[in-house]
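Given next are the chains, with one letter for each unit.
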Amino acid sequence: MTNYPRITWYDYKGKKTPYQMFFEAIDAMGEGVQGIFTTWLAKQTTCEYMLWNYILDFHETGEIVQEDTEFSARGNEIHNLLAFGTTESLMERYRDGKSYLQWRNPDELHKYQRQRLSSVYDGKITEYALVGEVSGLKVRGTFDALELDSGTLIEIKTRARPTLPYVHERKNKMQLLTYYFLAKNYDKSLNEPSFPADTLSDYARIRYYYQADRRLLGEIVVHVPYEAERFLKAVEYYKEFWFGKRRPTFSLKYCIYCRFTNSCYYYKKFYRHPPQRPESKEEGSREGN
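Rules used throughout
- Residues numbered from 1 in each chain as written.
- Predicted model: local features only at pLDDT ≥ 70, side-chain atom pairs only at ≥ 80, totals over all residues.
- Heavy atoms only, no water.
- Helix = DSSP H or I, 4+ residues; strand = E, 2+ residues; numbered from the N terminus.
- Buried < 20%, exposed > 50% of the residue type's maximum accessible area, 1.4 Å probe, protein only.
- Contact = heavy atoms within 4.5 Å.
- Areas by Shrake-Rupley, 256 points an atom, 1.4 Å probe, with all protein chains shown as cover.
- Phe/Tyr/Trp six-rings, centres within 6.5 Å; stacked < 30°, edge-to-face > 60°.
- Lys NZ or Arg CZ within 6 Å of the ring centre and 35° of its normal.
- Expected span 1.5 Å × (residues − 1).
- Arc of directions from axis to C-beta.
- Polar contact = N/O pair within 3.5 Å; in protein donor to acceptor, adjacent residues only side chain to side chain.

Let's talk about the overall build of the chain
Here comes step 1: Of the regular secondary structure elements, the chain holds eight helices and six strands.
Here comes step 2: When the helices and strands of the chain are placed in sequence order, the string is α-β-α-α-α-α-β-β-β-α-β-β-α-α.
Here comes step 3: Within the chain, the proportion of its 289 residues that are buried is 53%.
Here comes step 4: A fraction of 68% describes how many contacts in the chain between residues 6 or more apart in sequence connect residues 24 or more apart.
Here comes step 5: Counting every atom, the chain has about 13,500 Å² of accessible surface; 48% of that belongs to carbon and sulfur.

Structure follows, in structure tokens:
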């Protein structure tokens, strides 16, 4: 990765859009299922310049750096217990070695989807991967759970401290709503057709668990019809970045979470204090989701 500041997509040689660069990287890895990671779309609620550097890194190296910590490891264990009843993730069986990308062809995705649909756990379809479009953007991801009785889509987050989030709440809601719209507008030509998309409720939930004792700290209830217009407007704005119509926005508030500060033009010019990274990387995401 180069060290000079790269302010916009226009600065990159070839003048390609972030969308083109992302899919070139996907293709170069031999991935057969196309789509922006839902987690990366959600990153746009934080700092787009940080996302831009993730895309550049991915395009230049063909790798996704997963910054695992003891806290993210605990969070993954809780996710797996809630999804599978074991600390082992069944999705690992479908991964290609240590790669965080796993769907070499659509058949592998459909095989995994059928496995999840036939393995209902605690009344829920859990860790279900899917692909589709949201307002013209190809997106892929893996939602945490769908309650079959209520039709409620659930996103699970874990916390290293027994508090509900403030900084990440907007990002978490964006991630949940993206999963919801992928499921609500379920593309049967790209996914396993038997998924019960018509059972989705108008409500979705983000549940927060404390890592130390796995207790539920609380939840945010999202009324999708109320949030839909705002969400779709946000996606339209985000599309302008992906399609190269505007430069990425930036936010100094998220410098403490960023690993690109050494090459960041905005950090070097505007940040007045060295960032103190949090004691934990709470709510660590799995980039391929």
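Things to note about the packing of aromatic side chains
Here comes step 1: All chains considered together, the criterion is met by 27 aromatic pairs.
Here comes step 2: Measuring from ring centre to ring centre gives 5.6 Å for Phe22 and Trp40, while their planes differ by 70°; the resulting arrangement is edge-to-face. Remark: Trp40 occurs in helix H2 (residues 38-43) and Phe22 occurs in helix H1 (residues 18-28); sequence separation between them is 18 residues.
Here comes step 3: Owing to a relative accessible area of 1%, Trp40 belongs among the buried residues under this scheme.
Here comes step 4: Put simply, the rings of Tyr19, Phe22, Phe23, Phe37, Trp40, Tyr54, Phe58, Phe241, Trp242, Phe243 and Phe260 touch in pairs and so form one group of aromatic residues.
Here comes step 5: In this structure, Arg246 packs its charged tip against the face of Tyr237, placed 3.7 Å from the ring centre.

Overview of helix H5 (residues 106-117)
Here comes step 1: The end-to-end C-alpha distance of H5 is 16 Å, a good match for the 16 Å that twelve residues give at a rise of 1.5 Å each.
Here comes step 2: Turning to H5, its buried residues number three or more, namely Leu109, His110, Tyr112, Gln113, Arg116 and Leu117. Burial along H5 is one-sided: seen end-on, the buried residues are contained in an arc of 160°.
Here comes step 3: If you check the start of H5, you find a side-chain oxygen 3.0 Å away from the backbone N of Asp107, and it comes from Asn105.

Coordinates in, geometry out; function isn't part of it.
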